[in-house]
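Structural overview for review
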Amino acid sequence: MDEKRDNKMPGHVAIIMDGNGRWAKRKGLPRTLGHNAGVETLKEIVKYSDEIGIKILTVYAFSTENWNRPKEEVDYLIKYLLIEFLRKEIDELHKNNVTIKMLGDIEHIPSLTKNEINKAISLTRNNTGLKFNIALNYGGRGELVNALKDITKKVILGDINVESINEELISKHLYTAGDEDPDLIIRTGGEKRISNFLIWQSIYSELYFTDILWPDFKKECFADAISDYKNRSRRFGSLKDGGRIC
Ligand code: IPE
Ligand code: IPE
Ligand code: MG
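Summary of the structure given here. Owing to the predicted nature of the structure, the values given are computational and were not obtained by experimental measurement. (Residues numbered from 1 in each chain as written. Chains lettered and ligands numbered in written order. Predicted model: local features only at pLDDT ≥ 70, side-chain atom pairs only at ≥ 80, totals over all residues. Heavy atoms only, no water.)

**Focus: the overall build of the protein chain**
Regarding its fold elements, the protein chain presents 7 helices and 6 strands. The secondary structure elements of the protein chain, listed N-terminal to C-terminal, are β-α-α-β-α-β-α-β-α-α-β-β-α. The C-alpha atoms of the protein chain give a radius of gyration of 18 Å, which matches the 18 Å a tight globule of 246 residues would have. Over its C-alpha atoms, taken along the principal directions, the protein chain stretches across nearly 55 × 45 × 35 Å. Looking at the protein chain as a whole, 46% of its 246 residues qualify as buried. (Helix = DSSP H or I, 4+ residues; strand = E, 2+ residues; numbered from the N terminus. Rg over C-alpha atoms; globule rule 2.2 N^0.38 Å. Buried < 20%, exposed > 50% of the residue type's maximum accessible area, 1.4 Å probe, protein only.)

This is the structure:
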């Protein structure tokens, strides 16, 4: 895969896939059909990410706050669309050497969905290509709360001492453990906010906001976001253009 990459290619791209509902509304369609169209975009973007040599693609599929939507929409997303996506796409993803990982509280989602997710995770566990992270029932603050609980338990048990708590240790207790921080975070749909996404991991991510609604965000739009990223000057607080010294 590395021969496909140029050195300015972002290693980890994260996407807030927003705008499905408005896309449908503009066409006079129910919101569910906007979500269907969003899945088509997702398939194209996963394939393209792999082709251009991105190492990790993280997508925000359902936030902890999205439970506040009408039950029919929540059920459609969690109990139908995700299962359908995994069932239809898993063989192709596996064939393409993609690893699937979930970010979020997967314990507290309906068991049919959980089963499908667990199948996908175990099937693709040993793949070595694109790492495809799906953030589902995910919230950045909740992720930090969980990490804090896990670390506190270890301190109480005497497995670690308080002095050894540092940024690296906290990162290791997040859903994203082992993943480099996102280089680029894209949000489609026009809103300019983070909506509880990767709040710990995004401190030096480059942010790219576009008005394009997610179902219309085709690979050419993704390519535009990547070329915009390549022209950014990442300094990580230093003065040296290009960032880290080592
Ligand atoms: C993003 O699209 C998908 C999810 C949050 C699940 P929206 O459903 O938020 O679409 P808009 O923002 O209402 O257009
Ligand atoms: C963010 O979109 C969550 C996902 C894309 C899954 P929302 O549509 O839920 O965000 P807000 O409510 O506009 O901030
Ligand atoms: Mg939205």
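**As for the site of ligand 1**
Near ligand 1 there are 13 residues, and of these D18, G21, R22, R31 and R69 occur at the shortest range. Interatomic distance of 3.2 Å between a backbone N/O atom of N20 and an oxygen atom of ligand 1. With respect to ligand 1, the side chain of R31 contributes an N or O atom lying 2.9 Å from an oxygen atom. Compared with its free state, where it exposes 380 Å², ligand 1 has 87% of that area covered by protein. Looking at the shell around ligand 1, the elements that each hand over two or more residues are α1 (20–26), α2 (31–52) and α3 (71–95). When residues in the shell around ligand 1 are grouped by element, the largest group, 3 residues, is from α1. (Near = heavy atom within 4 Å. Polar contact = N/O pair within 3.5 Å; in protein donor to acceptor, adjacent residues only side chain to side chain. Areas by Shrake-Rupley, 256 points an atom, 1.4 Å probe, with all protein chains shown as cover.)

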